[in-house]
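# Residue-level structural notes
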Amino acid sequence: MNPYILAILLFSLGLGTTITFASSHWLLAWMGLEMNTLAIMPLMAQHHHPRAIEATTKYFLTQAAAAATLLFASVSNAWLTGQWEIQQITHPLPSTMITLALALKIGLAPLHAWLPEVLQGLDLTTGLILSTWQKLAPFALILQIQPSSSTLLIILGLTSALVGGWGGLNQTQLRKILAYSSIAHLGWMILVLQFSPSLTLLTLLTYFVMTFSTFLVFKLNKATNINTLATSWTKAPALTALTPLILLSLGGLPPLTGFMPKWLILQELTKQGLAPTATLAALSALLSLYFYLRLSYAMSLTISPNNLTGTTPWRFSSTQLTCPLATSTAMTICLLPLTPAISALLNP
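The protein is annotated in an unreviewed UniProt entry as NADH-ubiquinone oxidoreductase chain 2 from Neolamprologus pulcher. Taken verbatim from the UniProt record of the protein, the Sequence similarities (unreviewed entry) comment is "Belongs to the complex I subunit 2 family." Recorded under Function (unreviewed entry), the UniProt text for the protein is reproduced unchanged: "Core subunit of the mitochondrial membrane respiratory chain NADH dehydrogenase (Complex I) which catalyzes electron transfer from NADH through the respiratory chain, using ubiquinone as an electron acceptor. Essential for the catalytic activity and assembly of complex I."

## Section: the side chain of asparagine 77
Position of asparagine 77 relative to the elements: it lies in helix 3 (residues 50–81). For asparagine 77, a relative accessible area of 0% translates into the label buried.

## Let's talk about the domain arrangement of the protein
Considered domain by domain, the protein is made up of domain 1 (1–117) and domain 2 (149–306 + 320–347). Each of domain 1 and domain 2 has a C-alpha centre, and the two are 25 Å apart. Taking both partners together, domain 1 and domain 2 bury about 1100 Å²; carbon and sulfur atoms supply 80% of that area. At the boundary of domain 1 and domain 2, one finds one salt bridge. Note that glutamate 117 is salt-bridged to lysine 176, the shortest N-O span being 3.5 Å.

## Regarding empty space enclosed by the protein
All chains considered together, the criterion is met by three cavities of 30 Å³ or more. When its volume is computed, the largest cavity comes out at roughly 90 Å³. If you trace the largest cavity, you find 13 residues lining it, with Tyr59, Gln63, Lys105, Gln134 and Pro138 closest to the centre. Mapped onto the lining of the largest cavity, the elements with two or more residues apiece are helix 2 (26–44), helix 3, helix 4 (92–106) and helix 7 (133–145). Looking at the lining of the largest cavity, the element that brings in the most residues is helix 7, giving four residues. Taken together, the residues of the lining of the largest cavity sort by class into seven nonpolar, four polar and two charged. If you add up the space inside the second largest cavity, you get close to 50 Å³. Considering the residues around the second largest cavity, the lining is formed by Ala161, Ala184, His185, Trp188, Leu250, Gly251, Lys262, Ser284, Ala285, Ser288 and Tyr292. For the lining of the second largest cavity, the elements supplying multiple residues, two or more each, are helix 9 (174–192), helix 13 (237–251) and helix 15 (275–300). Top contributing element to the lining of the second largest cavity by residue count: helix 15, with four residues. Looking at the lining of the second largest cavity residue by residue, the class counts come to six nonpolar, four polar and one charged.

## A word on the packing of helix 14 (residues 259–271) against helix 17 (residues 339–346)
Geometrically, a packed helix pair is captured by the angle between its two axes and the distance between the axes. It is at 11 Å that the axes of helix 14 and helix 17 come closest, and there the two elements cross at 50 degrees. Considering the angle they form, helix 14 stands oblique to helix 17. Along this stretch, helix 14 crosses helix 17, giving a crossing that reads as right-handed. Residues Met260, Trp263 and Leu264 of helix 14 form the contact with helix 17, whose participating residues are Thr339, Ile342, Ser343 and Leu346.

Calculation criteria
- Residues numbered from 1 in each chain as written.
- Predicted model: local features only at pLDDT ≥ 70, side-chain atom pairs only at ≥ 80, totals over all residues.
- Heavy atoms only, no water.
- UniProt positions renumbered as here; feature names shortened; annotations may be inferred.
- Helix = DSSP H or I, 4+ residues; strand = E, 2+ residues; numbered from the N terminus.
- Buried < 20%, exposed > 50% of the residue type's maximum accessible area, 1.4 Å probe, protein only.
- Domains from an automatic or database assignment.
- Buried area = accessible area lost by both parts, 1.4 Å probe.
- Salt bridge = Lys/Arg side-chain N within 4 Å of Asp/Glu carboxyl O.
- 1 Å grid on protein atoms, 1.4 Å probe; cavity = no way out; pocket = protein on both sides within 12 Å on 5 of 7 lines; lining within 4 Å.
- Points joined across faces, edges and corners; volume = space filled by probe spheres on them.
- Nonpolar A, V, L, I, M, F, W, Y, C, P; charged D, E, K, R; others polar.
- Axes fitted to C-alpha atoms, helices over the stretch in contact; angles between N-to-C directions.
- Parallel < 35°, antiparallel > 145°, perpendicular 65-115°, else oblique.
- Left-handed = near helix turned anticlockwise from the far one by under 90°.
- Contact = heavy atoms within 4.5 Å.

Rendered as structure tokens:
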């Protein structure tokens, strides 16, 4: 892609998110979300491959449906209450519609079906943008409206955590596994949103760091399915030894960074008297942990079969920058000891 066009698209992507962040009026927030959607579509379709085009079309249709619902709900709110302010959503009907529209935008279950399909059709770099940056603007709106229906949030959160665990069990494609991982993590964030918004933000940031590391590892190995992972030990032995730790951090095992948000969320849910919900969420984390363990096993404990599809690729030196990967890997593995400091910041 032409670097000037790429720069314009990335600038528009940043501008759309910033507009949504800065807006207090529903029309401006909607405009930011639309800019976001339109700016990422050329990036998604830049490889002229039928799968990429199909993924872009699916993404456009779901995002357009969510944006239209959001606009309709905000107009309904203005009609019912006379308010266009984002934080003035008092009527339950627009509040529920907006929550569901934003859930469709970020891919929360049961509105998640588009996310694995879309991610599967993209290359890893665009997939990374879709899994991280594109979640920011809708999340900012969800945090601002503080949805009035607490039952709806808990249902969305639990369903996402369970679907994210179950859906990834049978997958062999890495991008689909990462999509289900994204759904499960978003479920955890939504669960605790109404009780501790700062904890939701912490979970979102931790998820971003862990996902960034995972995508960069797969990109360095040019891996898109589990079989390709088995050949990675020939290309980057040190990284192959560290990758299981990154994956287990995504699964939330102590003593890795990913354990911190899950631990704090379970603690918060128990404090709020939601012990059954916390138990279900913890059990759903076991489902996710199974497929992360599968990936770790395939990567570090198996040697690939030398048939045509699994032959060891030529070891060209990688052109990818390794500094971002090294930084994010260190953060993914080593931040758990900072939990007391982070808890003190969350609860001043």
